[in-house]
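Residues per chain are reported as follows:
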Amino acid sequence: MAETAAPATSYEKNLSLRISPAAQLRAAFETGSVRDVVELSEKAFLTMVGLRVNRDSDAGQRIAAVIGGLPAGCGSVSGSGDASVLWLGPEEFLVIAPTEAHESLGGGLIPSLREALGDGGGQVVDLSANRTTFELTGPRSRAVLEKGCALDLHPRALKAGTALSTEIGNIPVVLWKTGEETFRLFPRASFADFLGRWLLDAMREYASPEVP
Amino acid sequence: MLLISCPNCGSRDETEFHYGGQAHVPYPENPNELSDRQWAEFLFYRDNTKGAFAERWLHSTGCRQWFNMLRDTVTYEIQAVYPMGTPRPDAAGRVTPDTGTASTAADSTTTGNASPDISGTNASATAPSTSSFSTTAPEGATK
Ligand SMILES: [Zn+2]
């Protein structure tokens, strides 16, 4: 096999060379967003780390110390600084951190988690390419999600700062309510195109004047 | 559509779950000693109960954990939800000795203790009264 020369800039280090799972929808997201009503965008290449560890074990406590605590139960989110930890299961968590936190860009998050796990039982896995991130924001964002999500999304039931693994538009999605009118959706990369188009379709009616 | 009360997440739509077949089917202690017929019966033969049926479910789109459920196959009434590895509760809330699962220890990844939980179902009239197994569903997880 012929050896290929190392590229001057790698896909890992030069984000402009990378193609995010919903890159083909970037223009559609811009035209489909209705300013101050409901807006959709992709926050590409966030750092995501899958954690599997028992919270009460030594390794779990070491990891909690690094990341600012592990969430206790369904819906809860912990973390400190830029990194957040979402509860996915009793021993399964998802760390969401900014792009720069990734190892390939010099970030220390994943190595420090790996070190904290040590030889304890569990896993620290770089899942940054597993899912992409959609941000849906605006006063109508809840109405858009309610078209395809069976959870009670009313603010009296779903508080900001809650993250739930559920179904939206019939596909599995992690839904994180980050603000009163802002949601982050984490579909798997292969579902990003479908969910993006599904959301655009659900948003479309809010571009027209309301029928009295 | 069934509303199933996951022990970890609270009530969710049936579409978030996968069915795991009959519960309490013990893995043979010495599989090599079984005849072909006995092995086939372990693998494929299941009860076809009319009425209360103990079955396994997986919350595949949520917490990805298994649990047991007592469901009426005629009315679809969910009579109890209880952790893997714990004995089947009867309608009066008593537990009968487990006929065997691979593990007799309560699944360490399932929250709560061995008492069955029926919150989120409409079976409170026939509910086990000793339930101390509370769901830890947060606000927003139930509907
Ligand atoms: Zn669950």
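Quick caveat: nothing in here was measured; it's all calculated off a predicted structure.

1. Things to note about the overall build of chain B
Piece 1. Secondary structure summary: chain B contains one helix and six strands in total.
Piece 2. From first element to last, N terminus to C terminus, chain B shows the α and β order β-β-β-α-β-β-β.
Piece 3. Residue burial in chain B is summarised as follows: out of 143 residues, 43% are buried.
Piece 4. The contacts of chain B with a sequence gap of at least 6 include a subset with a gap of at least 24, amounting to 51%.
Piece 5. Of the roughly 7,500 Å² of accessible surface on chain B, 52% is carried by carbon and sulfur atoms.

2. Thoughts on the packing of aromatic side chains
All names here are of chain B.
Piece 1. For the structure on display, the rule yields seven aromatic pairs over all chains.
Piece 2. The interplanar angle of 90° and the centroid separation of 5.5 Å between the aromatic rings of Tyr-27 and Phe-42 together place this pair among those described as edge-to-face. Taken together, the residues span a long stretch of sequence, with Tyr-27 in the loop between β3 (18-22) and α1 (36-44) and Phe-42 in helix α1 at a distance of 15 residues.
Piece 3. Taking the relative accessible area as the measure of exposure, Phe-42 reaches 17% and is therefore buried.
Piece 4. Residues Trp-39 and Phe-42 carry aromatic rings whose centres are separated by 5.4 Å and whose planes lie at 40° to one another, so their mutual orientation is tilted. Residue Trp-39 and its partner Phe-42 are both found in helix α1; the two are separated by three residues, about one turn of the helix.
Piece 5. Trp-39 sits in the partly exposed class, given a relative accessible area of 30%.

3. Brief notes about the nonpolar core
All names here are of chain A.
Piece 1. Counting 61 residues, the largest nonpolar core has Ile-63, Leu-185 and Leu-199 as its most contacted members.
Piece 2. Broken down by element, this core gets its largest block of residues, seven residues, from helix α5 (residues 192-203).
Piece 3. Shared between two domains, this core takes at least three residues from each, and those domains are domain 1 (21-44 + 132-207) and domain 2 (47-126).
Piece 4. Leave out the neighbours within four places in its chain, and Ile-63 touches Leu-51, Val-53, Leu-70, Leu-113, Ala-116, Leu-117 and Val-124.
Piece 5. With ten residues, the next largest nonpolar core counts Leu-46, Leu-88, Val-174 and Phe-186 among its residues.

4. Brief notes about the environment of Val25(B)
Piece 1. The residue Val25(B) is located in the loop between β3 and α1 in this model.
Piece 2. Note: C-alpha distance between Val25(B) and Ile78(B) (53 residues apart in sequence) is 20 Å.

5. Observations regarding the interface of chain B and chain A
Piece 1. Each partner contributes to the interface: chain B provides 19 residues, whereas chain A provides 22 residues.
Piece 2. Summed over both partners, the interface of chain B with chain A buries about 1,600 Å², with 49% contributed by carbon and sulfur atoms.
Piece 3. Counting every contact that joins chain B to chain A gives one salt bridge.
Piece 4. Glu92(A) serves as the salt-bridge partner of Arg64(B), at 2.5 Å between the closest nitrogen and oxygen.
Piece 5. If you look at where chain B meets chain A, you find six residue pairs in polar contact (both at pLDDT 80 or more).
Piece 6. Residue classes in the side of chain B that touches chain A are distributed as four nonpolar, nine polar and six charged.

6. Focus on a nonpolar patch on the surface
Piece 1. Where nonpolar side chains cluster on the molecular surface, the patch consists of Tyr27(B), Trp39(B), Leu43(B), Phe44(B) and Tyr45(B) and spans about 570 Å² of accessible area.
Piece 2. The partly exposed category is assigned to Leu43(B), whose relative accessible area is 35%.

7. Looking at the packing of helix α2 (residues 58-67) of chain A against helix α3 (residues 109-117) of chain A
Residue and element names in this part refer to chain A.
Piece 1. Contact geometry of α2 with α3 gives a least axis separation of 8 Å together with a crossing angle of 155°. The angle between α2 and α3 places the two elements in the roughly antiparallel class. Between α2 and α3 lies a crossing whose hand is right-handed. Residues Ala-59, Arg-62, Ile-63, Val-66 and Ile-67 of α2 lie in contact with α3, whose contacting residues are Leu-109, Ser-112, Leu-113, Ala-116 and Leu-117.
Piece 2. In the contact of α2 with α3, the residues fall into eight nonpolar, one polar and one charged.

8. Considering the coordination of the zinc ion
In an ideal octahedron of six donors the angles at the metal are 90 or 180 degrees, and in an ideal tetrahedron of four donors they are 109.5 degrees.
Piece 1. Looking at the zinc ion, one finds its protein donor set to be Cys6(B) (SG), Cys9(B) (SG), His59(B) (ND1) and Cys63(B) (SG), positioned 1.9 to 2.4 Å from the metal centre.
Piece 2. In this structure, the zinc ion is coordinated by four donor atoms arranged in tetrahedral fashion, with angles at the metal of 103 to 122°.

9. Considering the pairing of strand β5 (residues 92-97) of chain A
All names here are of chain A.
Piece 1. Of all the six residues making up β5, six are buried; the element is thus mostly covered by neighbouring parts of the structure.
Piece 2. Alignment of strand β4 (residues 83-89) against β5, held across five bridges, turns out to be antiparallel. Considered in β5, the bridge of Ser-84 is made with Ile-96.
Piece 3. Counting the residues between successive antiparallel strands, the hairpin from β4 to β5 contains two residues.

10. Structural notes on the sheet that holds strand β6 (residues 78-82) of chain B
All names here are of chain B.
Piece 1. On the basis of which strands lie adjacent, the open sheet formed by four strands has the order β3-β4-β5-β6 and antiparallel pairing. Edge positions in the open sheet fall to β3 and β6, since each of these has one partner strand only. For this sheet, the mean angle separating the axes of adjacent strands, direction not counted, is 30°.

11. Quick look at the domain arrangement of chain A
Residues and elements named next belong to chain A.
Piece 1. Domains assigned within chain A are domain 1 (21-44 + 132-207) and domain 2 (47-126).
Piece 2. Placing the centre of domain 1 and that of domain 2 at their C-alpha centroids yields a distance of 25 Å.
Piece 3. With ten residues of domain 1 at the contact, the number on the domain 2 side is nine residues.
Piece 4. Counting each side, the surface lost to burial between domain 1 and domain 2 is near 740 Å², with a carbon and sulfur contribution of 74%.
Piece 5. Summed over the three residues of domain 1 that lose the most area to domain 2, namely Ala-163, Trp-176 and Phe-186, the buried surface amounts to 50% of that side.

Conventions and cut-offs
Residues numbered from 1 in each chain as written. Chains lettered and ligands numbered in written order. Predicted model: local features only at pLDDT ≥ 70, side-chain atom pairs only at ≥ 80, totals over all residues. Heavy atoms only, no water. Helix = DSSP H or I, 4+ residues; strand = E, 2+ residues; numbered from the N terminus. Buried < 20%, exposed > 50% of the residue type's maximum accessible area, 1.4 Å probe, protein only. Contact = heavy atoms within 4.5 Å. Areas by Shrake-Rupley, 256 points an atom, 1.4 Å probe, with all protein chains shown as cover. Phe/Tyr/Trp six-rings, centres within 6.5 Å; stacked < 30°, edge-to-face > 60°. Core = buried A, V, L, I, M, F, W, Y, C linked by side-chain atoms within 4.5 Å. Domains from an automatic or database assignment. Buried area = accessible area lost by both parts, 1.4 Å probe. Salt bridge = Lys/Arg side-chain N within 4 Å of Asp/Glu carboxyl O. Polar contact = N/O pair within 3.5 Å; in protein donor to acceptor, adjacent residues only side chain to side chain. Nonpolar A, V, L, I, M, F, W, Y, C, P; charged D, E, K, R; others polar. Patch = residues over 30% accessible without salt bridge, like charges linked within 9 Å, V, L, I, M, F, W, Y side chains within 5 Å. Axes fitted to C-alpha atoms, helices over the stretch in contact; angles between N-to-C directions. Parallel < 35°, antiparallel > 145°, perpendicular 65-115°, else oblique. Left-handed = near helix turned anticlockwise from the far one by under 90°. Donors = N, O, S within 2.8 Å, 3.2 Å for Na, K, Ca; no water. Tetrahedral: all angles 85-135°; square planar, octahedral: opposite > 155°, others 65-115°. Pairing = 2+ DSSP bridges.

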